[in-house]
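Coordinate analysis (summary)
For reference, the chains in residue letters:
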Amino acid sequence: MRLIFLFIMLVSANTINAQPKDLELWYRQPAAAWTDGMPVGNGRIGAMVFGKYDKELIQLNEESVWAGSKINNNNKNSVKHLPEIQSAIFKGEYKKALQLASQYMVGTPPRVRSYQPLGNLYIHFGEAGTPDRYKRALNLNTGVATTTFEIAGNKITQEVYVSAPHDVLVVTVRAARPLNLYFELSRERDVNEYKVSGKDIVYYTGQIIDQDDTLTGPGGKHMHFAGAMQLLAANGRVKPVAGDTSAGYRLDAVTNVSIAVTGATDYNADLLDTDVGIDPMAVCIKKLSKAVAVSVTALKEQHIKEHRSYFERVQFSLGNRSNDSIPTDERLKRVKAGVLDHGLIVLYYQFGRYLLMGSSRGPATLPANLQGIWNNLYNAPWNSDFHTNINLQMNYWPAETGNLSETVLPLAHFMKKLAVPGAVTAREMYNADGWTLHHLTDVYGRTGVADGVWGVSPMAGPWMTFPLYRHYEFTGDKKYLRDIAYPVMKGSVQFVLDFLIQSPDGYLVTNPSHSPENAFFVPGSNKQETSQLSYATTIDIEIIQGLFNNFIEAAAVLNADADWVEKVKAAARRLPPIKIASNGTIQEWIEDFEEVEPGHRHMSHLLGLYPLNLISLHTPGLFAAAKKTIERRLANGGGHTGWSKAWVINFYARLLNGNEAGLEVQSLLQRSTLISLLSTHPPFQIDGNFGGTAGIAEMLLQSHNKELHILPALPDAWPSGSIKGLRARGGYGVDIQWEKGALQMLGIQAAEAGAVKIRYKDTLVERRLVKGFNKIVL
């Protein structure tokens, strides 16, 4: 073993200067499709900017605009028939279990309705013709989307951003010569009226109308909404107008104009329901009034200052940025052809952080959904809902390591509220205390089984506690732990202890259970019968072990619930172990079943490898089996969706295989990334972005073994680079610089003085840090 000596000294500032120039995505043509656009957002308001030079489209979203209504969809027959279903599964009577579960466990109604757009803002430019010197760009450091072009010698610049401090979208158009513009605000459906207020605010109000549907619930008029726009400044003639299908401003002979747009609904996040006491239009007027009271210059300055304060916490470089002069879509095309573009990897990582900021911070009261906050469809793919069998969890994987801890808070508060209807589900479906939910939910807190028997996933609730506890691990915020995370975790523990049942071989197991969306051939059926239902699938056991471990740690921190800790420890001793199958892989089910799809996109039985820490070098047999599991999945076509490919990056990072992780990053760009750098399932799903971002960070720093592991999975293809501002468990900030594959500089920011273990390659040392920044020199 090579001996490494570490010397620690306090320095006044970090020497890494990894990212001096702003990062941007840029293009030479307008967006041809919605997914080509430039997303901007503040957590509550989102927009997709097309950059069109004739009739610009800025598609608008507000986080709470959802179809549907609050419904208790728990199947009340579940409790009565649960013993019968469990017995059938224990006996291997899977067809009978499927029949019973479909009838007595699937929710009524079984599906949720969709997250919807707020509306559209069109800008009709008076200039006609084909533009010269066109460019549209999204500056990640400032959060400003800029479009510039010239038509007949008239240079026009459009800027769009969404301000978190003022909770409005701001659009500014400047021209070298006067031009005529029409700013038009509209929504395709369910609008009651378009009007101009006494203060020349143009707006629309409406109410979502749902049709009766046995799959999604009763029809009727449900959520109220409003979209509103107000002029901030203009140097020409302005006329507010309203018609039957839109409202807006007609402007003549202007060279500089700025407007603010916002939206609201009558949704009350505390109730997980609409609230007659909320007037969406009054909310809009209040927000616009505050924005109008500030100068256009100050609005932009305050927005950029706040945005930079989040985004620039992490600076990342993989060397030369010469490719910045090439449009982003052309760079991606080259990567798809086999070129390695280090700068595009950096851009992808930082774009993931940018998207998380834009969909889960500041004014947000809801977590990022399947598309973050951006959606242009009234019936979105998978309803753009909150999928809780990997997707919502993955959305928050990069939050802590990426120095964006605050973005977890909308999720944490949402989960605390969701535990209320989740407790009803636990009682009505399983006769259990505590709370749970199944594989998806919506803004109304639907927690019963959705879609079909693949939704029978009562361990989705315990799974959702992991990002909440991880926030404490990284921040050390005991008040947050005591008030938010711990009550949610304890309720989940209560449910699990009541739900566990003794199996014929004496273990405490979950029943019914399934490994998300995968199925196995029923033994003895000659591959003629398949089943998704089983008992004690490996993912369930991993989730329970993870929950129990976290609960025991949290209870010790808070000096609470010693009696519950003993119950948990007793139950943990009776759980079945994670098993190795006859083919040397991690066994996915309680028995060594043959999977129907060896290349299935879900790899849920590896949850213990990442994001949990149940499979590591400390469990060498399982560690080797995990490696074989991934190899077999990929050899059979697995990792073919964006989020699945992103998960594989994290797996290889935990396996300390930097070269394979690097190849999977390259593959993610090549196979699952759109020209906007949004991830595609297909279609677009934002979890791939977040999972990929988390994976890149995991390759450079890991902290799950109660040590700081520096450059644990550095690919040979990334020989030189630096990253500043990554976060680690224990509240550490970490700066790393490397050259020719070797560590050159390591800096650790410590919230408190104390000892820390540091691992680099084969060497593990323990050193005391002073409070503040410590530069560690080899």
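Just above, that's the structure.
Residues numbered from 1 in each chain as written. Predicted model: local features only at pLDDT ≥ 70, side-chain atom pairs only at ≥ 80, totals over all residues. Heavy atoms only, no water.

A word on the packing of helix H1 (residues 78-90) against helix H9 (residues 409-430)
For clarity, the cut-off: The axes are straight lines fitted to the C-alpha atoms, using for helices just the contacting stretch, and the angles between their N-to-C directions are given from 0 to 180°. Secondary structure elements follow DSSP: runs of H or I of four or more residues count as helices, runs of E of two or more count as strands, with numbering from the N terminus. Each angle gets one of four labels, with under 35 degrees taken as roughly parallel, over 145 as roughly antiparallel, 65 to 115 as roughly perpendicular, and the rest as oblique. Here, two residues are considered to be in contact whenever any of their heavy atoms come within 4.5 Å of each other. In the scheme used here, Gly and all other residues not listed as nonpolar or charged are polar, with Ala, Val, Leu, Ile, Met, Phe, Trp, Tyr, Cys and Pro taken as nonpolar and Asp, Glu, Lys and Arg as charged.
Between H1 and H9, the least distance of the axes is 6 Å, while the angle of their chain directions is 60°. Taken as axis vectors, H1 and H9 run oblique relative to one another. Here H1 contributes Ser78, Val79 and Leu82 to the contact with H9, which in turn contributes Arg427, Glu428, Met429 and Tyr430. Its residues assigned to classes, the contact of H1 with H9 comprises four nonpolar, one polar and two charged.

Re the nonpolar core
For clarity, the cut-off: Joining through side-chain atoms within 4.5 Å is the link that ties buried Ala, Val, Leu, Ile, Met, Phe, Trp, Tyr and Cys residues into a set, and such a set is a nonpolar core. Each residue is assigned to one of three classes by its accessible area relative to the maximum for its type, calculated with a 1.4 Å probe on protein chains only: buried under 20%, partly exposed between the two thresholds, exposed over 50%.
Counting 221 residues, the largest nonpolar core has Ile58, Leu121, Val171, Leu181, Phe183, Ile710 and Ile736 as its most contacted members. Those residues in contact with Ile710, other than ones at most four positions away along the chain, are Leu700, Leu701, Val734, Ile736, Leu743, Leu746, Ile758, Arg759 and Tyr760. In this structure, Tyr161, Val168, Leu232 and Cys284 belong to the second largest nonpolar core, which totals 19 residues.

Quick notes on the pattern of salt bridges
To be explicit about the condition: We define a salt bridge as a side-chain nitrogen of Lys or Arg found within 4 Å of a carboxyl oxygen belonging to Asp or Glu.
According to the stated counting rule, one finds 34 salt bridges in the structure shown. With a shortest N-O distance of 3.7 Å, Arg189 and Asp190 are connected by a salt bridge. The exposure class assigned to Asp190 is buried, which follows from its relative accessible area of 16%. Each of Arg44, Glu62, Asp167 and Lys287 takes part in one network of salt bridges that share partners.

Here's the deal with the sheet that holds strand E25 (residues 701-702)
The cut-off we apply is this: DSSP bridges decide pairing: two strands pair if at least two such bridges lie between them.
Sheet architecture is open: four strands sit in the order E25-E26-E30-E31, paired in mixed fashion. At either margin of the open sheet sits one strand with a lone partner, and together these are E25 and strand E31 (763-769). Sheet analysis places E25 next to strand E26 (residues 708-710), joined by two bridges and oriented antiparallel. Across the sheet, Leu701 pairs through a bridge with Ile710, a residue of E26.

Structural notes on the environment of Met38
Note on placement: Met38 falls in strand E3 (residues 38-41). Owing to a relative accessible area of 1%, Met38 belongs among the buried residues under this scheme. Residues Met38 and Val144, spaced 106 residues apart in sequence, show a C-alpha to C-alpha distance of 9.5 Å.

Points about H1
Residue pairs spaced three or four apart in an α-helix point in one direction, given the helix's 3.6 residues per turn. Convention followed: To estimate the expected span of a helix, subtract one from its residue number and multiply by 1.5 Å.
Between its first and last C-alpha atoms H1 spans 17 Å; for 13 residues at 1.5 Å apiece the expected length is 18 Å, and the two agree. Listed in full, the buried residues belonging to H1 are Ser78, His81, Leu82, Ile85, Gln86, Ala88 and Ile89. Those residues of H1 hidden inside the fold are in contact with helix H2 (94-104), H9 and strand E21 (501-502). At the C-terminal side of H1, Gly92 shows a positive phi close to 80°.

Any functional reading would require information that these geometric values do not contain.
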